[in-house]
Amino acid sequence: MICPKCKVKNSSLAKYCIRCGYLFPSDDISKYGETLESKLINEYFYNEKINFYFYNISLGFLIFNFAYAFLKKQYSIGIISFLTFIYFSFIIEKAINSIINSLGFFSLFWLFSFLLCLFIFLYYCFKFNEFYIDDVRFRINKIIKDNPNCNYEELKKICKKDSRGNWILAILGIIIFLVIIC
């Protein structure tokens, strides 16, 4: 199925676009009408001006790693990526010393550690979109549940406010990383 909003090819069984989060019309929606959740999801992603996705790879996460996760309010992914990135920086230093000093067997530990960090990084590059959209659906359902007496326009304003990125934590994460590395 091709998304009518961003023209990305999705699985034929997909319920929403993996790039922009657009909720595809399904039999349930055509039977019962468009749900409040689907309307608010489309409003939540309406502010997305730059889409950092290419063939299901999150280019924002690929380039900016943990800072992009913090910006998109994916805090658990951001913390795991932050710690992995710090450990990766540590591995590079130790691995080079181990290889130069030819410690042989100890080089394997650093090799496996490097591969683990690479696996974690690539896993989140490919899965970030899915985690982000699932989190948005959770946030919207929580907004609906926490504000039962609000009308659609009020819920739309709350969703737009919630959709703003957390720039402070993203910049703070970069600063802390640079301090630790230096």
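Structure: above.
All values derive from a computational prediction rather than experimental measurement.

A. Structural context of the overall build of the protein. When you go through the protein residue by residue, the secondary structure sums to eight helices and two strands. Listing every helix and strand of the protein by position from the N terminus yields α-α-β-β-α-α-α-α-α-α. Residue burial in the protein is summarised as follows: out of 182 residues, 37% are buried. For the protein, the proportion of contacts with a sequence separation of at least 24, taken over those separated by at least 6, is 57%.

B. Seen up close, the packing of aromatic side chains. Applying the stated criterion across every chain yields a total of 17 aromatic pairs. An angle of 20° between the planes, with centres 5.5 Å apart, marks the rings of F61 and F128 as stacked. Of this pair, F61 sits in helix α3 (residues 59-64) while F128 sits in helix α6 (residues 105-146); the two residues are 67 residues apart in sequence, bridging distant segments of the chain. Here F61 matches F128 in class, with each residue buried. Aromatic side chains F66 and F82 sit 5.0 Å apart centroid to centroid with 85° between the ring planes, which places their arrangement in the edge-to-face category. Within this pair, whereas F66 is found in helix α4 (residues 66-71), its partner F82 is found in helix α5 (residues 75-100), the two being separated by 16 residues in sequence.

What counts and how
- Residues numbered from 1 in each chain as written.
- Predicted model: local features only at pLDDT ≥ 70, side-chain atom pairs only at ≥ 80, totals over all residues.
- Heavy atoms only, no water.
- Helix = DSSP H or I, 4+ residues; strand = E, 2+ residues; numbered from the N terminus.
- Buried < 20%, exposed > 50% of the residue type's maximum accessible area, 1.4 Å probe, protein only.
- Contact = heavy atoms within 4.5 Å.
- Phe/Tyr/Trp six-rings, centres within 6.5 Å; stacked < 30°, edge-to-face > 60°.

Coordinates in, geometry out; function isn't part of it.
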